[in-house]
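# Remarks on the overall topology
Chain by chain, the residues run as shown.
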Amino acid sequence: MTAIDVNDWRIALVGTPNCGKTALFNALTGSRQKVANYAGVTVERKSGVLHTASGHRVDLIDLPGTYSLRGRSPDEDITRDVILGKLASESPPDFLLCVADATNLRVALRLVIELKRVRRPMLLVLNMIDIARRRGVDIDLDKLSAELGVPAVTSTAVRRGGIDDLLRRIDDIAGKPTGEIVASEWTTPAVSDLRAAQREADRVIGAAVSEPAKPDTWTTRVDAVLLHPVWGMVALLLLLFVMFQAVFAWAEPAMDLISGGFDALGAFSATVLPEGLLQSFVQNGVISGVGSVLVFLPQILILFLFILLLEDLGYMARAAFLMDRIMGGAGLHGRAFIPLLSSFACAIPGIMATRVIDNKRDRLTTIMVAPLMTCSARIPVYTLIIAAFVPNKPVLGILGLQGLVMFGLYAAGIFSALAVSFVANHFFWRDSATPPFMLELPDYKLPQLRSVLMNLYQRAMAFLKRAGTTIFSMMVLIWFLASFPRPPAGATEPAIDFSLAAMIGRWIEPVLAPIGFNWQISVALIPGMAAREVAVASLGTVYAIEGGNEAAEQVGHMLAGQWSFATALAFLAWYVFAPQCASTLAVIKRETGGWRWVLITFFYMLSMAYLAAFVTYRVALAMGWG
Amino acid sequence: MSDPDTRTLEAMQTTPLGLAQRGFCGRVSAIMVGGDHLGVSANEIERRLLELGIVEGASVQILHEGPIGRDPIAVRVNGTTIALRRREAMAIMVGEHDRAAKTVP
């Protein structure tokens, strides 16, 4: 420790999942929080500062929830390493606040008994005491402390004044000098240790708690519907429909506003700056680059609002329960459901949402298949090609052929995602263990608005900071490729024809010729890496049509005249699978902490895209659609 | 929470929780993991069950069954509700409560 913070106590909050630890952390630190990552891993490090009544400063750190210090996931490893002082980047906490749900003491006290072996000063916080009292639980606090050998205090994190006792205790602690750190006696608990600890916890409860909590009647009643084999599924589907609708429809005005704003800003910059390289860089590189990232923000905020509300409510574990068998058939975890669903809007929030999956292997599989879900950026491309090539014939009287093709493209995405995870599970991961599906279904609780908003803000900032920097630099790179070298003076062809992008496009054209792509498509695919829908504008540019984006219909007419039907179908097949999105790849890198998974995802998707387009093109040619 | 009466436990017929139906009410008499599951050692499965509070003597009640193949199951273990697959629940040997003595609402 440095001389400056010699008096600061470092207090760590430990507890089982669903014990209300984060709500307590929020109540203690208010908005004085900092969210970062632990060095080298994508586990969030939440810390904050608390100034006690007598003016002491305490550094609080909120550790990921865990049932034991054994460390079964990267999050739990962090909790263990911080508590044991094994993490090089963290000094060990001086004091442990062990948070327990007062309505669910058995599991919490077993953890306390395990934590005692670390031999660090500790205070047990019986949180949610109000709910426990309402449900007729009578806890003899003194007796509990005595039997357990750990001082205890009660709290209600979500009530005004509910943490006064706790604050006084922290104030007392902070007034004393930090003690010497005693060597830990903790060893990985064996089966017999766990059993003995649970017996001991049950003994303490028997001695100090008059009556175990009656089941929450509200939870029982709500679960009778929400976990019902039929009504539960209906409710889940309804909920998903609303969520999907919200992510698409509610976000649209805000997204239009953002993209409109950036277009206007770009146009304004074009009038202010002299025509040339600087103007192109500012307008097409910087402004449209930043805009293409920011435009996702409304979708991300709405999606995370739903996820946070459902998580706080206690529904997320139930959705996993209902979906476990269905997802399990493809080798996915029940919890992968929400992230995959989110990926229909955009793979970026979907991949960010995989954090709800605690097992690394399940999380990686989900991240890998998330980009196969038909995201909203594919829609402009699909619509353009379908409108230009597929006649709007009625099928079976009521269905339109165009709609059917669209549906087929969505289905292809879903089916291939399930197939890829199935294959990954049976061949790729064969040697690693499938973790058993075991999780607590917590009692329903009303989400705390403040906590949800704070979390939402943190998610938004994380997205802007992490994705923003990487995506932005990719955008600048793509702009560079599409702009250099400059066209010679007096050239009449579009500028992109002279660029590096065009050179690469022509260079890869022979590779793409077997799947029916001409050089114009090959060139358009390069800026299309920025975002899928950009390919529409790029096609407009390479076919030298003024005002690419607005003239989508015009592009369609042009394409209908230039492409064969087989090429159009191959292009659609390509778009189902192609890793045509630099932003998604950037987010995968951030979330998995390295290039390995980016490369794996990129190449498996590329191979699938090529194969699908090849087969489609050849079959279409054989059908005489060339 | 009182310790289970061991004599009663022995007298009760024990079955794996994984075979029990919704509404089943009983007490854990033993945890016996048959073998490794999909690469997870039997020892690890036993530890995970114990960490969720599933220990000999705990009262269990099956509250809900999943929509497909009645799997997974939601089990009330003393005061907590745990979701797990029948596969893992096969390791939890349970004795049925005397129906008449059942006081659970």
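In this text, all values refer to a predicted model and were calculated from it rather than measured experimentally.

## What to know about the overall build of chain A
Along chain A, the regular secondary structure elements total 25 helices and ten strands. For chain A, the C-alpha radius of gyration of 28 Å lies close to 25 Å, the compact-globule estimate for 626 residues. When the backbone C-alpha atoms are referred to their principal axes, chain A occupies close to 85 × 60 × 45 Å. When the 626 residues of chain A are sorted by exposure, 46% land in the buried category. Summarising the internal contacts of chain A: among those between residues at least 6 apart in sequence, 72% fall at separations of at least 24.

## Remarks on the overall build of chain B
A tally of regular secondary structure across chain B gives three helices and six strands. Reading chain B from its N end, one meets helices and strands in the order α-β-β-α-β-β-β-α-β. Relative to its 105 residues, chain B shows a buried fraction of 47%. Pairs at least 24 apart in sequence give 65% of the contacts found in chain B among residues at least 6 apart.

## Considering the interface of chain B and chain A
With 35 residues of chain B at the interface, the matching set in chain A holds 38 residues. Counting only elements with at least two residues in the side of chain B that touches chain A, the list comes to α2 (42–51), β3 (59–68), β4 (71–77) and β5 (80–84) of chain B. Looking at which element gives the most residues to the side of chain B that touches chain A, the answer is α2(B), with seven residues. When its residues are assigned to classes, the side of chain B that touches chain A shows 14 nonpolar, twelve polar and nine charged. Looking at chain direction, strand β10 (residues 438–440) of chain A and β5(B) are connected through three bridges and run antiparallel. The residue bridging Leu439(A) from the neighbouring strand is Ala83(B), located in β5(B).

## Details of the nonpolar core
Membership of the largest hydrophobic core comes to 198 residues, with the highest contact counts inside it found for Cys98(A), Ala100(A), Leu124(A), Val125(A) and Trp574(A). Apart from the residues within four sequence positions on either side, Leu124(A) is in contact with Cys98(A), Ala100(A), Val112(A), Leu148(A), Val150(A), Pro151(A) and Ala152(A).

## Structural notes on the environment of Ile300(A)
Residue and element names in this part refer to chain A. For Ile300, the location among the structural elements is in helix α11 (residues 297–313). By C-beta crowding, Ile300 is classed as buried, having 26 other C-beta atoms within 10 Å. Between the C-alpha atom of Ile300 and that of Ser31, which follows or precedes it by 269 residues, the distance is 22 Å. Non-local contacts of Ile300, meaning those with residues more than four positions away in its chain, are made with Pro349, Ala460 and Phe463.

## Remarks on the sheet that holds β4(B)
Read from one edge of the open sheet, seven strands run β10(A)-β5(B)-β4(B)-β3(B)-β2(B)-β6(B)-β1(B), paired in antiparallel fashion. Strands with a single pairing partner mark the edges of an open sheet, and in this sheet they are β10 of chain A together with β1 (14–16) of chain B. For this sheet, the mean inter-axis angle between neighbouring strands, taken without regard to orientation, is 40 degrees.

## A look at the packing of helix α24 (residues 582–592) of chain A against helix α25 (residues 596–622) of chain A
All names here are of chain A. Close contact between α24 and α25 brings their axes to 8 Å; oriented N to C, the two are set at 145 degrees. For α24 against α25, the interelement crossing comes out right-handed. Contacts between α24 and α25 involve Leu585, Ile588, Lys589 and Thr592 from the first element and Trp597, Val598, Thr601 and Phe602 from the second. A class-by-class count of the residues in the contact of α24 with α25 yields five nonpolar, two polar and one charged.

## Quick look at the pairing of strand β6 (residues 92–96) of chain B
Looking at chain direction, β1(B) and β6(B) are connected through three bridges and run antiparallel. By the bridge assignment, Thr15(B) is partnered in β6(B) with Val94(B).

## Focus: the pairing of strand β4 (residues 57–62) of chain A
Residues and elements named next belong to chain A. Along β4, the buried face is formed by Val58, Leu60 and Asp62; none of Arg57, Asp59 and Ile61, which line the opposite face, is buried. Direction of pairing for strand β1 (residues 9–15) relative to β4: parallel, over a ladder of five bridges. Each bridged residue has a counterpart across the sheet, and for Arg10 the counterpart in β4 is Asp59. The pairing of strand β3 (residues 44–51) with β4 spans six bridges and is classified as antiparallel. Bridging across to β4, His51 finds its partner in Arg57. Where β3 hands over to β4, the hairpin turn is made up of five residues, of which Gly55 adopts a positive phi near 85 degrees.

## Side note on the sheet that holds strand β7 (residues 152–154) of chain A
All names here are of chain A. Spatial strand order, β2-β3-β4-β1-β5-β6-β7: seven strands in an open sheet with mixed pairing. Looking at which strands have only one partner, the edges of the open sheet turn out to be β2 (33–37) and β7. Recorded for the sheet is a direction-independent mean angle of 25 degrees between the axes of neighbouring strands. Relative to β3, β2 runs antiparallel, the two being bridged by five bridges. In the sheet register, Val35 faces β3, and the bridge partner there is Lys46. On the sheet, helix α3 (residues 105–116) packs against β1, β5 (95–101) and β6 (122–127) and is oriented at approximately 160 degrees with respect to β5.

## Description of helix α17 (residues 401–428) of chain A
All names here are of chain A. The end-to-end C-alpha distance of α17 is 38 Å, a good match for the 40 Å that 28 residues give at a rise of 1.5 Å each. Restricting attention to buried positions, one finds in α17 the residues Leu409, Gly413, Ala417, Val420, Ser421, Ala424 and Asn425. Close packing links the buried residues of α17 with α13 (337–342), α15 (360–369), α16 (378–389) and α23 (565–577).

## Some words on the confidence of the model for chain B
Residues and elements named next belong to chain B. Of the residues in chain B, 80% have a pLDDT of 70 or more, and the chain-wide mean is 82. Here helix α1 (residues 6–11) is the element of chain B with the lowest mean pLDDT, 49, and β4 is the one with the highest, 94. With pLDDT under 50 throughout, residues 99–105 is counted as low confidence; its partners more than four residues away or in other chains account for four contacts. Among the scores for the predicted complex, ipTM is 0.85 and pTM is 0.80.

How each quantity is defined
- Residues numbered from 1 in each chain as written.
- Chains lettered and ligands numbered in written order.
- Predicted model: local features only at pLDDT ≥ 70, side-chain atom pairs only at ≥ 80, totals over all residues.
- Helix = DSSP H or I, 4+ residues; strand = E, 2+ residues; numbered from the N terminus.
- Rg over C-alpha atoms; globule rule 2.2 N^0.38 Å.
- Buried ≥ 20, exposed ≤ 12 C-beta atoms within 10 Å, placed from the backbone.
- Contact = placed C-beta atoms within 7 Å.
- Nonpolar A, V, L, I, M, F, W, Y, C, P; charged D, E, K, R; others polar.
- Pairing = 2+ DSSP bridges.
- Core = buried A, V, L, I, M, F, W, Y, C linked by C-beta atoms within 7 Å.
- Axes fitted to C-alpha atoms, helices over the stretch in contact; angles between N-to-C directions.
- Left-handed = near helix turned anticlockwise from the far one by under 90°.
- Expected span 1.5 Å × (residues − 1).
- pLDDT = per-residue confidence, 0-100.

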